[in-house]
Amino acid sequence: MPVVTQEQKIRVLPYALEPWRELLSLFSPDLIEPIGELLLRLAPHVGKLRFASQRVQKEHAGIGNIVRRGEFERLLTTEWAFADAEPDEFIRRVANNELLFLGPEPAISLNSHLCIALFDCGPMQLGEPRLAQVALFILLARRAMDVGADFRWGILQQPAELHKTTDARSIKKLLDSKFLDFSSNQELEQWSEELSKNDSRLFDCWQISANLTPRIKQINSLVTVERNIFDDHDSVCLNVCMQHGQYRSEIKLNLPPEDIAIRILRNPFSVPRPNDRILYCSGKLSLQKKPILDGKGHWLAVAQLDNKLAVYNVPQTVKVKPGKSRKLLFPEQGEPIAVGLFGKQFHYITLRSGELNFHGFQDGLFANASLPDADLFKISPGGKQWLSMYYVRRTNAVETIGRVYVVDMKKNLVCWEFSTDKGQSHKEKESRTRMVFKAIAKNVIGVLQFGEYLIYAVANVRTTDFYRESFQSSELIGSFPVRGIRVLFGDDSLAWFHMSKFGPFAIQTEASKKSDRWRIVANGDDYEKELPSSTEVLGMWMLPNDKQASPGLVTAASCRKKILFFEKVKVLELLTSQEHIGPVSMSSGGGRIAWIEPRTRDAKVYELKERGLLLKIMNNEVVQ
């Protein structure tokens, strides 16, 4: 199957970005779309030049025609002959405007209009404002090109230096220009003198600077760029104000994700090596099943349409390359009903002819088991929805014991326990394995696995009870005085292991068509949060390295292009995706998110702490 090349990505440039193709093609293909969004946001406010570039000069170029009006020094010699021979006829011709004169030909300037853009590279324009400067550079250069005008650009801190080129080196020079001092009055006066030399050609002059930078006299279009520091959300955006004469507009410019923005500012033209964090898969990923992350988010499993499942090693940081992947083929007979990823080991249960088959477990410990009664264990019809599964194992000097816990469609927590004597051969294990089925609890609304222990929450009439399940016993940890709908556990398993206090958790207490109400309890905090019902709550998390941070909820926004973090007093934008976010899941203890993009069928894993992409799995078929 053909692989999407960088040239193909440029050829399929969105129609709305075609006017800027020449300049956008300078950038790395994966940066074209985020830069294009900045262009589309600013372009309507920049506008177009209204007329062509040639001018009529005051001095004439010569004789171009014969006309009936003019000065007498340009009167034709034949007309003077009438004055000598027939004075009365000459006077009559004068009265009736019948005299003929030589008509002058106006001189057309061969010099084009001049469009100049001056950029402020001082301390107030470092960082994010440079993204707006790059977009305005492209817009103004193309704007001049469209009417045949000459485009020049300069830097306020480098007076009288106008550059003619608009290639990659020019854009890189603009990005690399950094000054710790504001533009001085002397520098601005020098620019004013330089611009006055081009008064005959100067038609369009722009100044892109901070709000407090004085305006040069010849400037007819002023753009100020500032960071938006008063927004309630923590999403990075800019306030851009444009003034063209009496016309004034203000734009709130949303910026691309942090990792994309850094690449635009530091290295916009180099194409990342395809093997940095990208792996290719030969089959299309299924949109019916969510991607599966293990507890710490170190391994990822994704289902494919060809009855296969691929397991990938997720890098520990954004600086590490991904490891190799492996594929698993489900049996032709038997439908997977429950799955679990424990480290790199993928375990699953299939149903065939009323019998449950256990696959992928160590030492062949698990055999087959009969399907329990429907009132004890309810599965999804046709295996459309995989049930959550948890696996624990213990070996001592006498025997090996393994347990598989599953939460069914009716929120029943059940368990299959298999045990066998140690030292037996594989055939002896199969013949002497002991199996016990147990119904553990009903109305289970949340589960957390920690080593050999399982913490689960049970919704009762007026309370939510928390239990700790182990090989020795099942103990009540405590009760919370609210009946819950769903419980999410925070990344602090040790707190749940020690029974002195509750560990961090979030409990959904209400659900309606418009909003859902959650209660977050952790580290002394106990507060309520109301979320739009259109958002999908993924997990519980806390900002790292922030002593004043409160635990909160990670959600997929209703627009399906953002991942938001609802904290106690504010909402943070953790991630913005160019594509829609399809099936999505979050690791219980690693602060990592995995999702599949419906249009491209690509899968991605994102690290919340480092705010970076850890892994991208691309379908190697060309997206039409």
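Treat the numbers as computed from the prediction; the structure is a model and nothing was measured.

(A) Seen up close, the packing of helix α3 (residues 29-46) against helix α6 (residues 129-146). Relative orientation of the contacting elements α3 and α6 amounts to 60 degrees, with a least axis distance of 9 Å. One way to sum up the angle between α3 and α6 is to call them oblique. Helix-helix and strand crossings are classified by hand; for α3 and α6 the assignment is right-handed. Contacts between α3 and α6 involve Ile35, Leu38, Leu39, Leu42, Ala43 and Val46 from the former and Leu131, Ala132, Ala135, Leu136, Ile138, Leu139, Leu140 and Arg143 from the latter. Residues of the contact of α3 with α6, tallied by class, amount to 13 nonpolar, no polar and one charged.

(B) How the structure looks around the pairing of strand β28 (residues 515-522). Among the eight residues of β28, six are classified as buried, and the element is accordingly described as predominantly covered. As paired elements, strand β27 (residues 505-511) and β28 share six bridges and run antiparallel to each other. In the sheet register, Ala511 faces β28, and the bridge partner there is Asp516. Counting the residues between successive antiparallel strands, the hairpin from β27 to β28 contains three residues. As judged from the eight bridges shared by β28 and strand β29 (residues 525-532), these two strands associate in the antiparallel manner. When the sheet's bridge partners are listed, Asp516 is paired in β29 with Leu531. Between β28 and β29, which pair antiparallel one after the other, the connecting turn spans two residues, and Asn523 there sits at a positive phi close to 50 degrees.

(C) Representation of the pairing of strand β30 (residues 536-541) in the model. Across the six residues of β30, five count as buried, placing the element largely inside the fold. Of the pairings in the sheet, the one linking β30 to strand β31 (residues 552-556) comprises five bridges and is antiparallel in character. Its bridge partner being in β31, Met540 is matched across the sheet by Leu553.

(D) Structural detail: the sheet that holds strand β7 (residues 237-244). Pairing is mixed across the open sheet formed by six strands, whose spatial order is β4-β3-β5-β6-β7-β8. Pairing within the sheet leaves two strands with one partner each, and these edge strands are β4 (150-155) and β8 (247-254). When strand polarity is set aside, the average angle formed by the axes of neighbouring strands in this sheet is 15 degrees. By the bridge criterion, seven bridges tie strand β6 (residues 221-227) to β7 in an arrangement that is antiparallel. The partner of Leu222 across the bridge, within β7, is Gln243. With respect to the sheet, helix α8 (residues 185-196) is in contact with β3 (114-119), β4 and β5 (202-209), its orientation differing from that of β3 by roughly 170 degrees.

(E) Representation of the environment of Arg483 in the model. Tracing the backbone shows Arg483 in the loop between β25 (474-480) and β26 (486-489). A C-alpha to C-alpha distance of 8.9 Å links Arg483 and Ile507, two positions 24 residues apart in sequence. Residues within four places of Arg483 in sequence aside, it is in contact with Ala459, Asn460, Val461, Arg462, Thr463, Thr464 and Thr509. A polar contact is formed between the side chain of Arg483 and the backbone oxygen of Ala459, at a distance of 3.4 Å. A distance of 2.5 Å separates the side chain of Arg483 from the backbone oxygen of Asn460, its partner in a polar contact.

(F) Geometry of the environment of Gly354. Structurally, Gly354 can be placed in the loop between β15 (345-352) and β16 (355-359). Linking Gly354 and Pro372, residues 18 residues apart in sequence, is a C-alpha distance of 9.0 Å. In contact with Gly354, not counting residues within four places along its chain, are Ser370 and Leu371.

(G) Geometry of unusual backbone geometry. Here the phi dihedral of Asn97 falls at roughly 55 degrees; this positive angle occurs in a residue that is not glycine. Within the secondary structure, Asn97 is located in the loop between α5 (87-95) and β2 (101-108). For Arg601, which is not a glycine, the phi torsion comes out positive at approximately 60 degrees. Mapped onto the fold, Arg601 is located in the loop between β35 (592-596) and β36 (603-607).

(H) Geometry of the state of the cysteines. Evaluation of the coordinates by the stated rule reveals zero disulfides. For the unlinked cysteine Cys115, the closest cysteine sulfur is that of Cys205, found at 9.3 Å. On the basis of relative accessible area, Cys115 is assigned to the buried category, the value being 3%.

(I) Quick look at the sheet that holds strand β33 (residues 571-576). With antiparallel pairing, the four strands of this open sheet are ordered in space as β30-β31-β32-β33. Both outer strands of the open sheet, β30 and β33, are each paired with one neighbouring strand and no more. The average undirected angle you get between the axes of adjacent strands in this sheet is 25 degrees. Looking at chain direction, β31 and strand β32 (residues 562-566) are connected through four bridges and run antiparallel. In the strand pairing of β32, Thr555 is matched with Leu564.

(J) Representation of the pattern of salt bridges in the model. Inspection of every chain in the model, using the stated rule, returns 26 salt bridges. With a shortest N-O distance of 3.0 Å, Lys290 and Glu536 are connected by a salt bridge. On the criterion of sequence distance, the pair formed by Lys290 in the loop between β9 (278-281) and β10 (292-293) and Glu536 in strand β30 is long-range, its members being 246 residues apart. The structure contains a network of salt bridges with shared partners spanning Arg403, Glu417, Lys438 and Glu469.

(K) Region of the structure containing the packing of aromatic side chains. Throughout the structure, instances matching the rule amount to 19 aromatic pairs. Where Phe466 meets Phe489, the ring centres are 6.2 Å apart and the plane angle is 85 degrees; that geometry is what we call edge-to-face. Note that Phe466 is positioned in strand β24 (residues 464-469) and Phe489 in strand β26, a separation of 23 residues in sequence. In textbook terms, an aromatic cluster arises when at least three aromatic residues are bridged by ring pairs, as seen for Phe358, Phe377, Trp416, Phe418 and Phe437. Residue placement shows Lys289 over the ring face of Trp386; its charged tip is 5.3 Å from the ring centre.

(L) Focus on the side chain of Asp294. Mapped onto the elements, Asp294 comes out in the loop between β10 and β11 (299-303). Although Asp294 is buried, it forms no salt bridge, and the closest oppositely charged side chain is Arg592 at an N-O distance of 6.8 Å. Engagement of the side chain of Asp294 in a polar contact is seen with the backbone nitrogen of Gly297, the distance being 3.0 Å. Setting aside residues up to four positions removed in sequence, Asp294 forms contacts with Trp299, Leu341, Gly343 and Ser587.

(M) Representation of the side chain of Arg403 in the model. With respect to the helices and strands, Arg403 occurs in strand β19 (residues 399-407). Engagement of the side chain of Arg403 in a polar contact is seen with the side chain of Tyr405, the distance being 3.0 Å. Within the structure, the side chain of Arg403 is placed 3.4 Å from the side chain of Glu469, a separation counted as a polar contact.

(N) Examining the nonpolar core more closely. Of all hydrophobic cores here, the largest spans 50 residues; its most connected members are Leu24, Leu42, Ile138, Phe151, Ile208 and Val240. Broken down by element, the residue count for this core peaks at eleven residues, all from α6. What Val240 contacts, discounting residues up to four positions off in sequence, is Leu42, Val223, Thr224, Val225, Ser249, Glu250, Ile251 and Leu253.

Rules used in this analysis
Residues numbered from 1 in each chain as written. Predicted model: local features only at pLDDT ≥ 70, side-chain atom pairs only at ≥ 80, totals over all residues. Heavy atoms only, no water. Axes fitted to C-alpha atoms, helices over the stretch in contact; angles between N-to-C directions. Helix = DSSP H or I, 4+ residues; strand = E, 2+ residues; numbered from the N terminus. Parallel < 35°, antiparallel > 145°, perpendicular 65-115°, else oblique. Left-handed = near helix turned anticlockwise from the far one by under 90°. Contact = heavy atoms within 4.5 Å. Nonpolar A, V, L, I, M, F, W, Y, C, P; charged D, E, K, R; others polar. Buried < 20%, exposed > 50% of the residue type's maximum accessible area, 1.4 Å probe, protein only. Pairing = 2+ DSSP bridges. Polar contact = N/O pair within 3.5 Å; in protein donor to acceptor, adjacent residues only side chain to side chain. Disulfide = S-S within 2.5 Å. Salt bridge = Lys/Arg side-chain N within 4 Å of Asp/Glu carboxyl O. Phe/Tyr/Trp six-rings, centres within 6.5 Å; stacked < 30°, edge-to-face > 60°. Lys NZ or Arg CZ within 6 Å of the ring centre and 35° of its normal. Lys, Arg positive; Asp, Glu negative; His and termini not counted. Core = buried A, V, L, I, M, F, W, Y, C linked by side-chain atoms within 4.5 Å.

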